[in-house]
Amino acid sequence: MTEDDILAEFRAADALLEGHFILSSGLHSPRYLQCARVLMDPMRGARLASALVATMPRDLRSAIEIVVSPAMGGIIAGHEVARALGVEALFVERPAGTFELRRGFRLSPGQKVLMVEDVVTTGLSSREAIKAIEDAGGDVIAAASLVDRSNGTADLGVPFYPLIRLTVPTYEADALPPELAALPAEKPGSRKA
Ligand SMILES: O=P(O)(O)OC[C@H]1O[C@H](OP(=O)(O)OP(=O)(O)O)[C@H](O)[C@@H]1O
Ligand SMILES: O=C(O)c1cc(=O)[nH]c(=O)[nH]1
Ligand SMILES: [Mg+2]
């Protein structure tokens, strides 16, 4: 799949939003990639997950024993990537603010994990998820996401395979351009402030 093909999938899902968004990190942005809309169509999700898996070296693909994703945004992406790899998918969630494995999900000691996110902006959620997976005994050998909008800044500490890299501006709350400050802000994600 080319970059144009991937963007066409996002456009077809009405997932490229413009406005004034407060991101998980507290940064503000005039653009938001709503991956939940992209993943509404399971066939589209499967196509994108297969394309993502195809970007990984063959030896990495065969080494991955399980996929773990951070809830909420990562769950469907992780499930589709796991289907493409032929492995199981778990998720970590943060009912008390810190990611943890619940619901009877377990990792065996040293089990080789691919961490799958929907979007990486600062990489904080991915790093927190990786820490939770490692605290639960997993060995995170790589990370993947549908979108990397970190503009090359996110360091996840493991090899990182995004399906598409998008250059999107972000601003600190006290440094908004006037045209962005003039718009009402919405916070689409579920991380608590
Ligand atoms: O790289 P970062 O700066 O951490 O931003 C990206 C994270 O933000 C979004 O999740 P969010 O925290 O909004 O919650 P959700 O997945 O539960 O909607 C997205 O799903 C990523 O997890
Ligand atoms: O940084 C985020 O919270 C974020 C950005 C984005 O474009 N899409 C998304 O789901 N989350
Ligand atoms: Mg998330």
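Rules used throughout
Residues numbered from 1 in each chain as written. Chains lettered and ligands numbered in written order. Predicted model: local features only at pLDDT ≥ 70, side-chain atom pairs only at ≥ 80, totals over all residues. Heavy atoms only, no water. UniProt positions renumbered as here; feature names shortened; annotations may be inferred. Helix = DSSP H or I, 4+ residues; strand = E, 2+ residues; numbered from the N terminus. Near = heavy atom within 4 Å. Polar contact = N/O pair within 3.5 Å; in protein donor to acceptor, adjacent residues only side chain to side chain. Areas by Shrake-Rupley, 256 points an atom, 1.4 Å probe, with all protein chains shown as cover. Nonpolar A, V, L, I, M, F, W, Y, C, P; charged D, E, K, R; others polar. Expected span 1.5 Å × (residues − 1). Buried < 20%, exposed > 50% of the residue type's maximum accessible area, 1.4 Å probe, protein only. Pairing = 2+ DSSP bridges. Contact = heavy atoms within 4.5 Å. Axes fitted to C-alpha atoms, helices over the stretch in contact; angles between N-to-C directions. Core = buried A, V, L, I, M, F, W, Y, C linked by side-chain atoms within 4.5 Å.

In the annotation of an unreviewed UniProt entry, the protein chain is listed under the name Orotate phosphoribosyltransferase and assigned to Allosphingosinicella flava. On record in UniProt, under Catalytic activity (unreviewed entry), the comment for the protein chain is "orotidine 5'-phosphate + diphosphate = orotate + 5-phospho-alpha-D-ribose 1-diphosphate". UniProt, in its Pathway (unreviewed entry) section for the protein chain, records the words "Pyrimidine metabolism; UMP biosynthesis via de novo pathway; UMP from orotate: step 1/2."

Attention now moves to the UniProt feature "domain: Phosphoribosyltransferase" (unreviewed entry) in the protein chain. Annotation from UniProt places "domain: Phosphoribosyltransferase" (unreviewed entry) at residues 60-154. Secondary structure content for residues 60-154 is 29% helix and 34% strand, and the end C-alpha separation is 21 Å.

Take the site of ligand 2 next. Lining the immediate environment of ligand 2, one finds Leu23, Ser24, Tyr32, Leu33, Val119, Thr121 and Arg149. Within the backbone of Leu33, a nitrogen or oxygen atom sits 2.8 Å from a nitrogen atom of ligand 2. Here an oxygen atom of ligand 2 and a side-chain polar atom of Arg149 are 2.8 Å apart. For ligand 2, whose accessible area on its own is 290 Å², the fraction buried by protein is 90%.

What follows covers the site of ligand 1. In the vicinity of ligand 1, 18 residues are found, and the nearest of them are Glu117, Asp118, Thr122, Ser125 and Ser190. Residue Met72 places a main-chain N or O atom 2.9 Å away from an oxygen atom belonging to ligand 1. At 2.3 Å from an oxygen atom of ligand 1 is found a side-chain nitrogen or oxygen belonging to Ser190. Bound to the protein, ligand 1 loses 92% of the 500 Å² it would expose on its own. The element that contributes the greatest number of residues to the shell around ligand 1 is strand 6 (residues 112-120), accounting for four residues. Considering only residue class, the shell around ligand 1 consists of five nonpolar, nine polar and four charged.

So, on to helix 5 (residues 74-85). Taking 1.5 Å per residue, 12 residues should reach 16 Å; helix 5 reaches 16 Å between its end C-alpha atoms and fits that length. For helix 5, the full list of buried residues reads Gly74, Ala77, Gly78, Glu80, Val81, Ala82 and Leu85. Just downstream of helix 5 lies Gly86, where phi reads positive at about 75 degrees.

Turning our attention to the sheet that holds strand 7 (residues 139-148). One open sheet accounts for six strands, arranged 5-4-3-6-7-8; its pairing is mixed. At either end of the open sheet lies a strand with only one pairing partner, and these are strand 5 (100-101) and strand 8 (160-165). Of the pairings in the sheet, the one linking strand 6 to strand 7 comprises eight bridges and is parallel in character. Among the inter-strand pairings, Lys112 is bridged to a residue of strand 7, identified as Asp139. Of the strands in this sheet, strand 7 and strand 8 are in contact with helix 3 (residues 42-54), which crosses strand 8 at around 130 degrees. Helix 5 rests against strand 3 (66-70), strand 4 (88-93), strand 6 and strand 7 of the sheet, and its axis sits at about 135 degrees to strand 6.

Let's shift gears to the nonpolar core. Phe10, Val81, Leu114, Leu146 and Val147 are the most contacted members of the largest nonpolar core, which has 35 residues in total. Of all elements in the fold, only helix 1 (3-12), helix 2 (35-38), helix 3, helix 5, strand 6, strand 7 and strand 8 reach the threshold of two or more residues within this core.

Quick look at the UniProt feature "binding site: 5-phospho-alpha-D-ribose 1-diphosphate" (unreviewed entry) in the protein chain now. Per the UniProt entry, the sites bearing "binding site: 5-phospho-alpha-D-ribose 1-diphosphate" (unreviewed entry) are Glu117, Asp118, Val119, Val120, Thr121, Thr122, Gly123, Leu124 and Ser125 in this numbering. Its location among the elements puts Val119 in strand 6. The class of Val119 is buried, set by a relative accessible area of 19%. The contacts of Val119, once residues within four sequence positions are left out, are Leu33, Cys35, Val147 and Arg149. With respect to the helices and strands, the residue Thr122 is situated in the loop between strand 6 and helix 6 (124-135).

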